[in-house]
Amino acid sequence: MKSILLIGLGRFGRHIAMKLDEMNHQVMAVDNKEERVNAVLPYVTNAQIGDSTNEEFLASLGVRNFDVCIVAIGDDFQNSLETTSLLKELGAQFVVSRAARDVHAKFLLRNGADEIVYPEKQLAKWMAFRYTADNVLDYIELGKNYSIFEVEMPENWIGKTVGEVDVRKFYDINILSIKHEGSFKMRISSETQFLEGDTLLVLGHNKDIQKCFHI
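Rules behind the numbers
Residue positions within a chain follow its written sequence, with the count starting from 1. Where totals are concerned, whole chains, interfaces and linings use all residues; where local detail is concerned, this predicted model gives features only for residues with pLDDT of at least 70, and gives and counts side-chain atom pairs only at 80 or more. As a rule here, side-chain values cover all heavy atoms of the structure and leave hydrogens and water aside. Think of it this way: any DSSP run of H or I at least four residues long counts as a helix, any run of E at least two long counts as a strand, and we number them from the N terminus. Under the convention used throughout, the expected extent of a helix is 1.5 Å for every residue step, that is, one less than its residue count. Remark: exposure states derive from per-residue accessible area (1.4 Å probe, protein chains only) relative to the maximum for the residue type, with buried under 20%, exposed over 50%, and partly exposed in between. In this description, contact between two residues means that some pair of their heavy atoms is separated by no more than 4.5 Å. Put simply, buried Ala, Val, Leu, Ile, Met, Phe, Trp, Tyr and Cys residues joined by side-chain atoms within 4.5 Å make one nonpolar core. Between the N-to-C directions of two axes lies an angle of 0 to 180 degrees, each axis being a line fitted to C-alpha atoms and, for a helix, fitted only over the stretch in contact. Under this scheme an angle from 65 to 115 degrees is roughly perpendicular, one under 35 degrees roughly parallel, and one over 145 degrees roughly antiparallel; angles in between are oblique. Handedness of a helix crossing follows the sense of rotation of the near helix relative to the far helix, less than a right angle counterclockwise being left-handed and clockwise being right-handed. Asp, Glu, Lys and Arg are counted as charged, while Ala, Val, Leu, Ile, Met, Phe, Trp, Tyr, Cys and Pro are counted as nonpolar; the rest, among them Gly, fall into the polar class. Strands are treated as partners if at least two bridges between them are detected by DSSP. Here a pair means two rings of Phe, Tyr or Trp (six-membered ring of Trp) with centres within 6.5 Å. Their orientation is stacked below 30 degrees between planes, edge-to-face above 60, and tilted elsewhere. Whether a charge sits over a ring comes down to the Lys NZ or Arg CZ being within 6 Å of the ring centre and within 35 degrees of the ring normal. Orient the strands so they point away from the viewer, and a crossover whose first-strand-to-second-strand path over the helix runs clockwise is right-handed.

Got a sec to walk through helix α4 (residues 77–89)? Specific residues and values, please.
Taking 1.5 Å as the rise per residue, α4 with 13 residues should run 18 Å; its terminal C-alpha atoms sit 18 Å apart, in good agreement. All of the buried residues along α4 are Ser80, Leu81, Thr83, Thr84, Ser85, Leu86 and Leu87. Of the surrounding elements, those touching the buried residues of α4 are β1 (3–7), α3 (55–60), β4 (68–71), β5 (95–98) and α5 (102–110). Count one or two residues on from α4 and you reach Gly91, which has phi positive near 95 degrees.

If you had to explain the nonpolar core to someone new, which residues and values would you point to?
Ranked by internal contacts, the top residues of the largest apolar core, which has 18 residues, are Trp157, Phe194, Leu200, Val202 and Phe213. When contributions to this core are tallied by element, the ones reaching two or more residues are β7 (136–143), β8 (146–152), α7 (162–165), β9 (174–180), β11 (199–205) and α9 (206–212). Discounting residues that sit within four places of it in the chain, Leu200 has contacts with Phe149, Glu150, Val151, Met153, Pro154, Trp157, Ser177, Ile178, Phe194 and Phe213. Listed in part, the 17 residues of the second largest apolar core include Val30, Val63, Phe66 and Cys69.

Any chance you could break down the packing of α4 against α5 for me, citing the residues and the numbers?
In a packed pair of helices, the relevant descriptors are the angle between the two axes and the axis-to-axis distance. Contact geometry of α4 with α5 gives a least axis separation of 9 Å together with a crossing angle of 25 degrees. Between α4 and α5, the crossing angle belongs to the class labelled roughly parallel. With respect to the hand of their crossing, α4 and α5 are arranged in right-handed fashion. Taken together, the residues of α5 that come into contact with α4 (itself represented by Phe77, Ser80, Leu81 and Thr84) are His104, Phe107 and Leu108. Each residue belonging to the contact of α4 with α5 can be placed in one class, and the counts come to 4 nonpolar, 3 polar and no charged.

Give a description of the pairing of β9 that names residues and reports values.
Relative to β11, β9 is paired through 5 bridges, and the arrangement is antiparallel. Directly across from Ile178, in β11, lies its bridge partner Leu200. Alignment of β9 against strand β10 (residues 183–185), held across 3 bridges, turns out to be antiparallel. Looking at β10, one finds that Ile178 is bridged to Lys185. Linking β9 back to β10 in an antiparallel pair, the connection comprises 2 residues, with Glu181 at a positive phi of about 50 degrees.

Kindly report on unusual backbone geometry, identifying the contributing residues and their values.
Unusually for a residue other than glycine, Asn24 sits at a positive phi of about 65 degrees. Here Asn24 is to be found in the loop between α1 (11–22) and β2 (26–31).

So, the sheet that holds β9: which residues are in play, and what are the values?
Taking strand neighbours across the sheet as the criterion, the 5 strands line up as β7-β8-β11-β9-β10 in an open arrangement whose pairing is antiparallel. Bordering the open sheet on either side are β7 and β10, each of which pairs with just one other strand. Along the sheet, successive strands turn relative to each other by an average axial angle of 20 degrees, direction set aside.

Tell me what's going on with the packing of aromatic side chains, and back it up with residues and numbers.
The final tally for this structure, using the stated rule, is 2 aromatic pairs. Ring geometry for Trp157 versus Phe213: centroids 5.4 Å apart, planes at 55 degrees, classification tilted. In this pair, Trp157 is assigned in the loop between β8 and α7 and Phe213 in the segment after α9, connecting sequence segments 56 residues apart. The residues Trp157 and Phe213 share a single accessibility class, namely buried. Feature note: the residues Trp157, Phe194 and Phe213 constitute an aromatic cluster, connected by ring pairs. Cation over ring: Arg110 sits above Phe107, and NZ or CZ is 6.0 Å from the ring centre.

Can you tell me about the environment of Glu164, naming the residues and giving the values?
With respect to the helices and strands, Glu164 occurs in helix α7. A C-alpha to C-alpha distance of 8.5 Å links Glu164 and Glu191, two positions 27 residues apart in sequence.

Give a description of the pairing of strand β3 (residues 46–49) that names residues and reports values.
Relative to β3, β2 is paired through 4 bridges, and the arrangement is parallel. If you follow Val30 over to β3, its bridge partner there is Gln48. Handedness of the crossover joining β2 and β3 through helix α2 (residues 34–40): right-handed.

Next comes the structure, spelled out in C-alpha cells:
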C-alpha cells in the first residue's frame, strides 16, 4: 500500500482516485473546486479544497510524506506547471504529471516532473490499434516503439508448437502467455501447443508485431 497525493479531480483524476481505491492505496485528493472534491470523497482517505499553486497551501499537505504525487490537472497547463515545480521544490519524492502535448511534457520534465502521462494520446493509440485491426484484442504501450498486444491465434499456427513457429527467431517477438478458455497460461515451453480459440500475449517492437500478425 502506498500513500498518494492526487491533485486535479476532473474526469481523469476522478478515475485515478477510483482505481487507487480499488487497489487499497491511501489517497489525499486536492482540487480548487468543491464539487469535484465532494465527488471523490467515497474513494479517498482525505481530501482538501485548495489552490495547488499556492506554496503555503501545498506545504501544509506535507508533500514529502507521499510516495507518489500525481498532477492530473488537464484544463490549465500553467497551473499544472506551477504545481509540478512547487512539489519538487517542497521535496516531493516522485512526481507524475499529465501532459496533453509534447511541448507540455518538455516543460513539465524541466520543472520537476519525474514522469509524464499522456491519457488522450495513449487512449488514441489504443483505440487505433483495437478498432482497426480485427485480430487485436488489447494493447499496452511500454515505451517508445515497444508494446504488449493481445492477439487472436493465427489459423496457420493451430496445432503447431511454440518451438515450431519460433517467432522469437523469425520476428524477435516474445510470447508472454497463452489465453485458453479465459485463463492465462504463463508457463510456456517450446513444446506448448497452440489450440483453436486461444489468444496470445506477445511482446516486441511494434513493427515486428504488426508484420508477424498482419496488423
